[in-house]
Amino acid sequence: MADLLTFSVIKADVGGYVGHSNVHPELLETARKQTAEAISSGLLIDAYVTNCGDDLQLIMTHRHGVDNSEVHQFAWDTFVACTETAKSLKLYGAGQDLLSDTFAGNITGMGPGVAEMEFEERPSEPVIVFMADKTSPGAWNLPLFNIYANPFNSPGLVIDTKMHQGFEFEVMDVIDHKSIRFVCPEEMYEMLMFIGAPRRYMIKHVYRRMDGMIAASASTQRLSLIAGKYVGKDDPVLVTRCQSGLPAVGETLEPFTFAHTAEGWMRGSHHGPLMPCSFEDATPSRFDGPPRVIAAGFQVAEGKLIGARDMFADPAFDRARAQANEVADYLRRHGPFEPHRLGLDEMEYTTMPQLMEKFKDRWVDESE
Ligand code: 13P
Ligand code: 13P
Ligand code: MG
Ligand code: MG
């Protein structure tokens, strides 16, 4: 069997320029220097460094498997080096997502987001990496369902016999730290009951049932649950393999023609439309948003990343962007009212406990 390839995307917000709107070019430069060294030393085969809004992504290929402590250590050290650069420029929230002072072997649960998969590289291996800012990993649930379970989105489910058995979804319960697998199409309706509540139930992996081939991997860390308080939004990443018995590139991009509502935006405490945009436009500024998603397309060749192609820099996504702006106007008119603002139980930047304390003696009992 050929050597397996590991595709790792590890990301963190280590400082915003200006506010939470972008990553400063010097941070990207710092990260690119580090990845160039890791390629020379043989740790990585290839790497592509980019950003979506204020989140810095390291897209890496190597042969060390998922959850590899050396690769995770490298990503951690790179984020620490970038934090130093961010501090020297007094960027906003320098080191925001690094929730610990020391690295403990696996970066998962330490703040940065991680999406990894290991596979045998096919004769042609198109991969799309989705990266979002000002939102949470639950934002992938709707598009992932459409890509791998909805024949009205992906005619490949109907036309390509390799997909007739459907796909298996691994879903995380991020509150109780459990996971479950659902098979589609048979368990589609039951699965929707869970993944339709994307704050708690998040799709982590998708597998093709015919042979168990991994198709997609998403980051599902929730910073507030790790830190016990609001420290910024999770701003997730998602890796998808495409074509030849998997959904085509176009089927994988198609769900993003609908600017669906996701949690995040200002102070991570609002609902807003997820706007697909070009790399250049991934700079959420209006009310710190609206939430953005970019798509970087690669052809993988012996582990080399041929790309990236800016997949949403296509006028065919203009209508989704216009829809996002319209929904943004509509939601903004609600000001501090739900459903623009997140529900009470979900408020993360909330002053609710302090308010409850402050007014605790002012409540008058109205029961008979
Ligand atoms: P493949 O089955 O080769 O992936 O072709 C499908 C296709 O490209 C449709 O867009
Ligand atoms: P980030 O999670 O992207 O840092 O945004 C935080 C925020 O509070 C935006 O208003
Ligand atoms: Mg930030
Ligand atoms: Mg961010």
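- The name an unreviewed UniProt entry gives the chain is Fructose-1,6-bisphosphate aldolase/phosphatase, with Dichotomicrobium thermohalophilum as the organism.
- Here the chain is described in UniProt, under the heading Sequence similarities (unreviewed entry), as follows: "Belongs to the FBP aldolase/phosphatase family."
- Under the heading Subunit (unreviewed entry), UniProt records this for the chain: "Homooctamer; dimer of tetramers."

**Some remarks on the overall build of the chain**
Right, on to step 1. Helix and strand content of the chain: nine helices and 15 strands.
Right, on to step 2. Here the C-alpha radius of gyration of the chain, 20 Å, is about what a compact globule of 368 residues would show, namely 21 Å.
Right, on to step 3. Once the C-alpha set of the chain is aligned to its principal axes, its extents read approximately 75 × 50 × 40 Å.
Right, on to step 4. Split into buried and exposed, the 368 residues of the chain put 55% on the buried side.
Right, on to step 5. Across the chain, every contact between residues at least 6 apart in sequence was considered, and the portion connecting residues at least 24 apart equals 69%.
Right, on to step 6. Split by element, the accessible area of the chain, about 16,500 Å² in all, is 53% carbon and sulfur.
Right, on to step 7. Side-chain charges in the chain split into 33 positive and 52 negative, and the spacing between the mean points of these groups amounts to 4 Å.

**Quick word on the site of ligand 2**
Right, on to step 1. Neighbouring ligand 2 are 14 residues, the closest being Gln96, Lys134, Lys233, Arg267 and Asp288.
Right, on to step 2. At 3.1 Å from an oxygen atom of ligand 2 is found a side-chain nitrogen or oxygen belonging to Asp133.
Right, on to step 3. Within the side chain of Asp288, one N or O atom sits 2.5 Å away from an oxygen atom of ligand 2.
Right, on to step 4. Its free accessible area being 300 Å², ligand 2 has 97% of it covered by the protein chains.

Calculation criteria
- Chains are numbered independently. Their residues run from 1 in the order of the written sequence.
- Each chain takes a letter, starting from A, and each ligand takes a number, starting from 1, following the order in which they are written.
- pLDDT decides what is reported in this predicted model: residues at 70 or higher carry local features, side-chain atom pairs at 80 or more are listed and counted, and totals for whole chains, interfaces and linings draw on all residues regardless.
- Where side-chain values are given, they derive from all heavy atoms of the structure, hydrogens and water being excluded.
- UniProt positions are given in the numbering used here, feature names are shortened, and annotations may be inferred rather than shown by experiment.
- By the criteria applied, helices consist of DSSP H or I runs no shorter than four residues and strands consist of E runs no shorter than two, each listed in order from the N terminus.
- In this treatment the radius of gyration is a C-alpha quantity, and the globule benchmark scales as 2.2 Å times the residue count to the 0.38 power.
- Between buried and exposed lies partly exposed: a residue is buried under 20% and exposed over 50% of the maximum accessible area for its type, with that area taken using a 1.4 Å probe on protein chains only.
- When checking whether two residues touch, look at their non-hydrogen atoms; a contact exists if any pair is within 4.5 Å.
- Throughout, the Shrake-Rupley method with a 1.4 Å probe supplies accessible areas, and for residues the shown protein chains are the sole cover considered.
- Positive charge is attributed to Lys and Arg, negative charge to Asp and Glu, and no charge count is given to His or to the chain ends.
- The atom standing in for a charge is NZ when the residue is Lys, CZ when it is Arg, CG when it is Asp and CD when it is Glu.
- Here, proximity means that at least one heavy atom of the residue falls within 4 Å of the molecule or strand.
- Polar contact criterion, stated in full: a pair of N or O atoms within 3.5 Å, where within protein one must be able to donate a hydrogen and the other to accept it, and residues adjacent in sequence count only if both atoms are side-chain atoms.

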